[in-house]
Every structure is written in structure tokens, then in C-alpha cells.
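Residues per chain are reported as follows:
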Amino acid sequence: ECYFPNGTEKVSYVERQIYNRQLELMFDSDVGEYVGFTPYGERRARVWNSKPEWIEFRRREVDRICRHNYRS
């Protein structure tokens, strides 16, 4: 999901992973890392946050997906 509160100045990319109608894991480009909300989600967040190349890829999603698809 992309959020454009101030046009293209402030753009946020949010990825949510939901299982059984429960939020397990979330990546927010403003935070810059994964956050787990269940025990399983916390374990996955720790693993993914320990991979710098994966986190950097997710942080670049703001430019690759959100700003690229923004229609002014």
C-alpha cells in the first residue's frame, strides 16, 4: 500500500501480512524495518531485519512502486 499524505513529498510504503484475519507482520518505510505482532510474526521480523540487502530492497519500494505509479 502506498500513502501520499503530502503529494510526492512524503510518501510511505506499507506491506502488511495477514493470516486468519490477524495482522502478523508489517513493514513500514517510515520505520524502515519489519515489526511482528504475533510470536510467529516476531520471529519472521527478526530474520528479515537481519538481512540488510532485503531491508534495503523493501526501503526502495517507495521509489519503485509508489512514486513511480503516482499520478499528478
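- An unreviewed UniProt entry annotates the protein as MHC class IIB antigen originating from Passer domesticus.

### Let's talk about the state of the cysteines
Two cysteines whose sulfur atoms are joined by a covalent bond form what is called a disulfide.
Part 1 of the reasoning: Inspection of the entire model under this criterion finds one disulfide.
Part 2 of the reasoning: Cys2 shares a disulfide with Cys66; S-S distance 2.1 Å. Between Cys2 and Cys66 the sulfur-sulfur dihedral comes to about -80°; the bridge is accordingly left-handed. With Cys2 in strand β1 (residues 2–3) and Cys66 in helix α3 (residues 61–69), this residue pair connects regions lying 64 residues apart in the sequence.
Part 3 of the reasoning: On the accessibility criterion, Cys66 (0% relative accessible area) is buried.

### Examining α3
Part 1 of the reasoning: All of the buried residues along α3 are Glu61, Val62 and Cys66. Projected onto a plane normal to the axis of α3, the buried residues spread over an arc of 85° and lie on a single side.
Part 2 of the reasoning: In this structure, the buried side of α3 is in contact with β1, β2 (12–19) and α2 (52–59).

### A closer look at the environment of Asp28
Part 1 of the reasoning: Among the structural elements, Asp28 can be located in strand β3 (residues 22–28).
Part 2 of the reasoning: Considering only alpha carbons, one finds Asp28 and His68, 40 residues apart in sequence, at a separation of 18 Å.
Part 3 of the reasoning: With near-sequence residues (within four places) excluded, Asp28 lies in contact with Ser12, Tyr13, Val14 and Glu33.
Part 4 of the reasoning: Reaching out from Asp28, the side chain makes a polar contact with the backbone nitrogen of Asp30 at a distance of 3.0 Å.

Cut-offs applied
Residues numbered from 1 in each chain as written. Predicted model: local features only at pLDDT ≥ 70, side-chain atom pairs only at ≥ 80, totals over all residues. Heavy atoms only, no water. Disulfide = S-S within 2.5 Å. Helix = DSSP H or I, 4+ residues; strand = E, 2+ residues; numbered from the N terminus. Buried < 20%, exposed > 50% of the residue type's maximum accessible area, 1.4 Å probe, protein only. Arc of directions from axis to C-beta. Contact = heavy atoms within 4.5 Å. Polar contact = N/O pair within 3.5 Å; in protein donor to acceptor, adjacent residues only side chain to side chain.

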